[in-house]
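Listed below, chain by chain, are the residues.
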Amino acid sequence: MANPYSFIAIAEGDIINDPKSPWSFLPTSLKQHEGSLLWTEPGYATYGTTPTNDNIQYSSCAVYCYKLEQTVVLPPNMQKINESDNIMASHKSYIAQFKNASATIEHYFKTHLPDNRNFERAILEWKETCDNLLENPHFSDGWDLPAFYPFYTDACLNALANFFNKQKDAKDANISLWKKRQEHATQMYNTWKQMFLYVTSPNNIPFPKCLWYHKFFYIHKIHQPETWKSFFEGTDFRYLVTIK
(Lines give C-alpha, C1' and ligand atoms only; values in the text may rest on other atoms or scores of the structure.)
Protein backbone atom coordinates (compact mmCIF):
# COMPACT_ATOMS: atom_id res chain seq x y z
CA MET A 1 0.00 0.00 0.00
CA ALA A 2 0.93 3.66 -0.26
CA ASN A 3 2.90 5.53 2.37
CA PRO A 4 0.92 6.91 5.34
CA TYR A 5 -1.08 10.13 4.89
CA SER A 6 -0.03 10.62 1.26
CA PHE A 7 -3.41 11.18 -0.39
CA ILE A 8 -2.32 14.59 -1.72
CA ALA A 9 0.96 13.23 -3.11
CA ILE A 10 -0.91 10.37 -4.78
CA ALA A 11 -3.39 12.75 -6.40
CA GLU A 12 -0.56 14.91 -7.75
CA GLY A 13 1.19 11.76 -8.97
CA ASP A 14 -1.94 10.81 -10.93
CA ILE A 15 -1.74 14.13 -12.74
CA ILE A 16 1.99 14.64 -13.16
CA ASN A 17 3.68 11.25 -13.22
CA ASP A 18 1.25 8.65 -14.56
CA PRO A 19 1.77 8.06 -18.30
CA LYS A 20 -1.90 7.08 -18.60
CA SER A 21 -3.07 10.40 -17.16
CA PRO A 22 -5.85 11.56 -17.27
CA TRP A 23 -7.37 8.11 -17.83
CA SER A 24 -5.69 6.92 -14.66
CA PHE A 25 -7.98 9.07 -12.51
CA LEU A 26 -11.00 10.09 -14.60
CA PRO A 27 -14.36 8.45 -13.81
CA THR A 28 -15.51 9.07 -17.38
CA SER A 29 -14.39 5.56 -18.37
CA LEU A 30 -17.18 4.13 -16.17
CA LYS A 31 -19.78 3.39 -18.82
CA GLN A 32 -22.96 1.47 -19.56
CA HIS A 33 -22.47 -1.80 -21.44
CA GLU A 34 -25.39 -4.12 -22.21
CA GLY A 35 -27.36 -2.81 -19.25
CA SER A 36 -24.47 -2.92 -16.80
CA LEU A 37 -21.85 -0.46 -15.63
CA LEU A 38 -18.21 -1.30 -16.24
CA TRP A 39 -14.84 0.38 -16.45
CA THR A 40 -13.29 0.67 -19.92
CA GLU A 41 -10.06 2.08 -18.43
CA PRO A 42 -8.62 1.51 -14.93
CA GLY A 43 -9.61 4.92 -13.58
CA TYR A 44 -10.97 3.51 -10.31
CA ALA A 45 -9.41 3.95 -6.87
CA THR A 46 -6.91 1.20 -6.08
CA TYR A 47 -5.84 -0.55 -2.91
CA GLY A 48 -2.16 -0.03 -3.59
CA THR A 49 -2.51 3.75 -3.78
CA THR A 50 -4.66 4.13 -0.68
CA PRO A 51 -2.77 5.88 2.15
CA THR A 52 -2.26 3.84 5.30
CA ASN A 53 -2.10 4.56 9.00
CA ASP A 54 -0.17 2.89 11.83
CA ASN A 55 -2.82 0.25 12.48
CA ILE A 56 -3.01 -0.77 8.82
CA GLN A 57 0.78 -0.83 8.66
CA TYR A 58 0.84 -3.12 11.69
CA SER A 59 -1.57 -5.54 10.03
CA SER A 60 0.46 -5.43 6.83
CA CYS A 61 3.61 -6.31 8.79
CA ALA A 62 1.79 -9.16 10.51
CA VAL A 63 0.81 -10.58 7.13
CA TYR A 64 4.43 -10.47 6.00
CA CYS A 65 5.85 -11.93 9.22
CA TYR A 66 3.36 -14.77 9.59
CA LYS A 67 2.71 -15.38 5.88
CA LEU A 68 -1.01 -14.86 6.43
CA GLU A 69 -1.65 -14.50 2.69
CA GLN A 70 -1.27 -18.29 2.50
CA THR A 71 -4.49 -18.66 4.52
CA VAL A 72 -6.62 -16.60 2.13
CA VAL A 73 -9.46 -18.43 0.39
CA LEU A 74 -9.87 -17.14 -3.14
CA PRO A 75 -13.34 -16.21 -4.44
CA PRO A 76 -14.74 -18.26 -7.39
CA ASN A 77 -13.33 -16.43 -10.43
CA MET A 78 -9.89 -16.06 -8.91
CA GLN A 79 -9.83 -19.68 -7.80
CA LYS A 80 -10.72 -20.88 -11.29
CA ILE A 81 -8.05 -18.69 -12.88
CA ASN A 82 -5.48 -19.66 -10.26
CA GLU A 83 -5.99 -23.33 -11.10
CA SER A 84 -5.47 -22.71 -14.82
CA ASP A 85 -2.40 -24.13 -16.53
CA ASN A 86 -1.91 -20.97 -18.58
CA ILE A 87 -2.50 -18.14 -16.14
CA MET A 88 -1.70 -14.71 -17.58
CA ALA A 89 0.84 -12.47 -15.87
CA SER A 90 -1.80 -9.78 -15.28
CA HIS A 91 -4.05 -12.30 -13.52
CA LYS A 92 -1.18 -13.71 -11.49
CA SER A 93 -0.21 -10.24 -10.26
CA TYR A 94 -3.82 -9.34 -9.47
CA ILE A 95 -4.39 -12.50 -7.43
CA ALA A 96 -1.16 -11.93 -5.51
CA GLN A 97 -2.34 -8.40 -4.70
CA PHE A 98 -5.67 -9.78 -3.54
CA LYS A 99 -4.11 -12.34 -1.22
CA ASN A 100 -1.93 -9.75 0.49
CA ALA A 101 -4.70 -7.14 0.76
CA SER A 102 -7.31 -9.63 1.93
CA ALA A 103 -5.02 -10.97 4.64
CA THR A 104 -4.20 -7.42 5.79
CA ILE A 105 -7.85 -6.36 5.92
CA GLU A 106 -8.88 -9.53 7.75
CA HIS A 107 -6.10 -9.07 10.32
CA TYR A 108 -7.13 -5.44 10.81
CA PHE A 109 -10.74 -6.51 11.30
CA LYS A 110 -9.93 -9.21 13.85
CA THR A 111 -7.55 -7.04 15.88
CA HIS A 112 -9.41 -3.71 15.83
CA LEU A 113 -13.07 -4.12 14.87
CA PRO A 114 -14.10 -7.75 15.51
CA ASP A 115 -17.68 -6.81 16.44
CA ASN A 116 -18.26 -4.28 13.67
CA ARG A 117 -20.76 -5.91 11.33
CA ASN A 118 -20.67 -3.00 8.86
CA PHE A 119 -16.92 -3.45 8.44
CA GLU A 120 -17.40 -7.19 8.04
CA ARG A 121 -20.03 -6.61 5.35
CA ALA A 122 -17.70 -4.15 3.61
CA ILE A 123 -15.06 -6.88 3.42
CA LEU A 124 -17.47 -9.31 1.76
CA GLU A 125 -18.61 -6.69 -0.75
CA TRP A 126 -15.01 -5.73 -1.54
CA LYS A 127 -14.07 -9.36 -2.19
CA GLU A 128 -16.98 -9.77 -4.59
CA THR A 129 -16.04 -6.54 -6.35
CA CYS A 130 -12.44 -7.72 -6.76
CA ASP A 131 -13.63 -11.05 -8.13
CA ASN A 132 -16.14 -9.50 -10.53
CA LEU A 133 -13.53 -7.20 -12.05
CA LEU A 134 -11.81 -10.22 -13.61
CA GLU A 135 -14.90 -10.71 -15.79
CA ASN A 136 -14.57 -7.22 -17.25
CA PRO A 137 -13.73 -7.69 -20.98
CA HIS A 138 -11.32 -4.73 -20.80
CA PHE A 139 -9.26 -6.17 -17.94
CA SER A 140 -5.56 -6.35 -18.83
CA ASP A 141 -2.10 -5.34 -17.63
CA GLY A 142 -2.18 -2.31 -15.36
CA TRP A 143 -5.57 -3.10 -13.85
CA ASP A 144 -4.83 -3.22 -10.14
CA LEU A 145 -6.82 -4.28 -7.13
CA PRO A 146 -9.80 -2.03 -6.26
CA ALA A 147 -9.57 0.09 -3.12
CA PHE A 148 -11.26 -0.97 0.12
CA TYR A 149 -13.90 1.66 0.94
CA PRO A 150 -13.39 1.98 4.75
CA PHE A 151 -9.66 2.56 4.30
CA TYR A 152 -10.04 4.88 1.31
CA THR A 153 -12.78 7.10 2.71
CA ASP A 154 -10.89 7.61 5.98
CA ALA A 155 -7.75 8.58 4.06
CA CYS A 156 -9.73 11.02 1.91
CA LEU A 157 -11.45 12.71 4.85
CA ASN A 158 -8.20 13.02 6.79
CA ALA A 159 -6.42 14.52 3.81
CA LEU A 160 -9.24 16.98 3.15
CA ALA A 161 -9.30 18.19 6.76
CA ASN A 162 -5.52 18.40 7.10
CA PHE A 163 -5.04 20.19 3.78
CA PHE A 164 -7.60 22.93 4.32
CA ASN A 165 -6.75 23.44 7.99
CA LYS A 166 -3.15 23.99 6.97
CA GLN A 167 -4.17 26.54 4.34
CA LYS A 168 -6.39 28.44 6.80
CA ASP A 169 -3.67 28.45 9.47
CA ALA A 170 -1.06 29.91 7.12
CA LYS A 171 0.14 33.47 7.69
CA ASP A 172 -1.93 36.06 5.81
CA ALA A 173 -4.40 33.36 4.71
CA ASN A 174 -7.71 34.47 3.21
CA ILE A 175 -9.86 32.52 5.67
CA SER A 176 -13.19 33.12 3.93
CA LEU A 177 -11.75 32.01 0.58
CA TRP A 178 -10.32 28.80 2.01
CA LYS A 179 -13.55 28.07 3.87
CA LYS A 180 -15.45 28.41 0.59
CA ARG A 181 -13.01 26.08 -1.17
CA GLN A 182 -13.28 23.58 1.67
CA GLU A 183 -17.07 23.64 1.46
CA HIS A 184 -16.86 22.90 -2.26
CA ALA A 185 -14.38 20.08 -1.66
CA THR A 186 -16.68 18.63 1.00
CA GLN A 187 -19.60 18.78 -1.43
CA MET A 188 -17.51 16.87 -3.96
CA TYR A 189 -16.66 14.26 -1.33
CA ASN A 190 -20.32 13.87 -0.35
CA THR A 191 -21.35 13.43 -3.99
CA TRP A 192 -18.62 10.82 -4.42
CA LYS A 193 -19.85 9.03 -1.29
CA GLN A 194 -23.41 8.97 -2.63
CA MET A 195 -22.13 7.44 -5.85
CA PHE A 196 -20.44 4.70 -3.87
CA LEU A 197 -23.47 4.00 -1.70
CA TYR A 198 -26.09 4.00 -4.46
CA VAL A 199 -24.25 3.09 -7.66
CA THR A 200 -20.95 1.26 -7.40
CA SER A 201 -21.40 -0.64 -4.12
CA PRO A 202 -24.81 -2.20 -4.94
CA ASN A 203 -23.41 -3.32 -8.30
CA ASN A 204 -20.09 -4.57 -6.92
CA ILE A 205 -17.95 -2.50 -9.25
CA PRO A 206 -14.84 -0.53 -8.22
CA PHE A 207 -15.59 3.01 -7.06
CA PRO A 208 -14.02 6.10 -8.71
CA LYS A 209 -11.37 8.22 -7.09
CA CYS A 210 -12.52 11.16 -5.00
CA LEU A 211 -11.32 14.01 -7.20
CA TRP A 212 -11.53 17.10 -5.00
CA TYR A 213 -7.76 17.58 -4.95
CA HIS A 214 -7.31 16.75 -8.64
CA LYS A 215 -9.79 19.52 -9.38
CA PHE A 216 -8.12 21.95 -6.99
CA PHE A 217 -4.73 21.20 -8.57
CA TYR A 218 -5.88 21.96 -12.11
CA ILE A 219 -7.95 25.03 -11.29
CA HIS A 220 -6.10 26.76 -8.46
CA LYS A 221 -2.56 25.41 -8.49
CA ILE A 222 -1.60 25.21 -12.17
CA HIS A 223 -4.41 27.51 -13.35
CA GLN A 224 -5.76 25.30 -16.12
CA PRO A 225 -9.54 25.37 -15.53
CA GLU A 226 -10.31 24.78 -19.19
CA THR A 227 -8.20 21.61 -19.17
CA TRP A 228 -10.21 20.34 -16.22
CA LYS A 229 -13.46 21.28 -17.94
CA SER A 230 -12.44 19.51 -21.16
CA PHE A 231 -12.12 16.17 -19.35
CA PHE A 232 -15.88 15.99 -18.80
CA GLU A 233 -17.33 17.40 -22.00
CA GLY A 234 -20.03 15.11 -23.37
CA THR A 235 -20.04 12.88 -20.28
CA ASP A 236 -22.45 12.20 -17.43
CA PHE A 237 -20.10 13.72 -14.85
CA ARG A 238 -21.20 17.33 -15.20
CA TYR A 239 -21.09 17.95 -11.43
CA LEU A 240 -17.28 17.74 -11.68
CA VAL A 241 -17.08 20.43 -14.35
CA THR A 242 -18.33 23.38 -12.29
CA ILE A 243 -15.33 25.64 -11.78
CA LYS A 244 -15.01 27.26 -8.34
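Before any of the text, the structure's been laid out above.
Keep in mind that what you see is a predicted model, and the values were worked out from it rather than measured.

Caption draft 1: Quick peek at the packing of aromatic side chains. With the rule as written, the count across this model stands at 41 aromatic pairs. Aromatic side chains Phe109 and Phe119 sit 6.0 Å apart centroid to centroid with 10° between the ring planes, which places their arrangement in the stacked category. Of this pair, Phe109 sits in helix 4 (residues 89-112) while Phe119 sits in helix 5 (residues 117-133); the two residues are ten residues apart in sequence, bridging distant segments of the chain. The class of Phe109 is buried, set by a relative accessible area of 8%. Look at Phe119 and Phe151: their rings are 6.3 Å apart centre to centre, the planes differ by 50°, and that puts the pair in the tilted class. Of the two residues, Phe119 sits in helix 5 while Phe151 sits in helix 6 (residues 149-169), which places them 32 residues apart along the sequence. Judged by relative accessible area, which is 5%, Phe151 ranks as buried. Note that Arg181 overlies the ring of Trp178, its terminal NZ or CZ placed 4.8 Å from the centroid.

Caption draft 2: Representation of the packing of helix 2 (residues 54-66) against helix 4 within the structure. Look at helix 2 against helix 4: their axes get within 8 Å of each other, and the N-to-C directions meet at 120°. It follows from the interaxial angle that helix 2 and helix 4 lie oblique. The two elements helix 2 and helix 4 meet at a crossing, and its hand is right-handed. Across from Asn55, Ile56, Tyr58, Ser59, Ser60, Ala62 and Val63 in helix 2, the residues of helix 4 making contact are Asn100, Ala103, Thr104, His107, Tyr108, Thr111 and His112. Along the lines of polarity and charge, the residues of the contact of helix 2 with helix 4 split into six nonpolar, eight polar and no charged.

Caption draft 3: Just the pattern of salt bridges, in detail. Under the criterion given, the structure shown has four salt bridges. Measuring nitrogen to oxygen at the nearest pair gives 3.0 Å for the salt bridge that ties Glu12 to Lys221. Of the two residues, Glu12 sits in helix 1 (residues 7-16) while Lys221 sits in helix 8 (residues 212-221), which places them 209 residues apart along the sequence. Residue Lys221 is classed as partly exposed on the basis of its relative accessible area of 43%. Among the ionic pairs, Lys127 bridges to Glu106, the shortest N-O distance being 2.8 Å. Separated by 21 residues along the polypeptide, Lys127 in helix 5 and Glu106 in helix 4 bring together distant segments of the chain. The exposure class assigned to Glu106 is partly exposed, which follows from its relative accessible area of 21%.

What counts, and at which threshold
Residues numbered from 1 in each chain as written. Predicted model: local features only at pLDDT ≥ 70, side-chain atom pairs only at ≥ 80, totals over all residues. Heavy atoms only, no water. Phe/Tyr/Trp six-rings, centres within 6.5 Å; stacked < 30°, edge-to-face > 60°. Helix = DSSP H or I, 4+ residues; strand = E, 2+ residues; numbered from the N terminus. Buried < 20%, exposed > 50% of the residue type's maximum accessible area, 1.4 Å probe, protein only. Lys NZ or Arg CZ within 6 Å of the ring centre and 35° of its normal. Axes fitted to C-alpha atoms, helices over the stretch in contact; angles between N-to-C directions. Parallel < 35°, antiparallel > 145°, perpendicular 65-115°, else oblique. Left-handed = near helix turned anticlockwise from the far one by under 90°. Contact = heavy atoms within 4.5 Å. Nonpolar A, V, L, I, M, F, W, Y, C, P; charged D, E, K, R; others polar. Salt bridge = Lys/Arg side-chain N within 4 Å of Asp/Glu carboxyl O.

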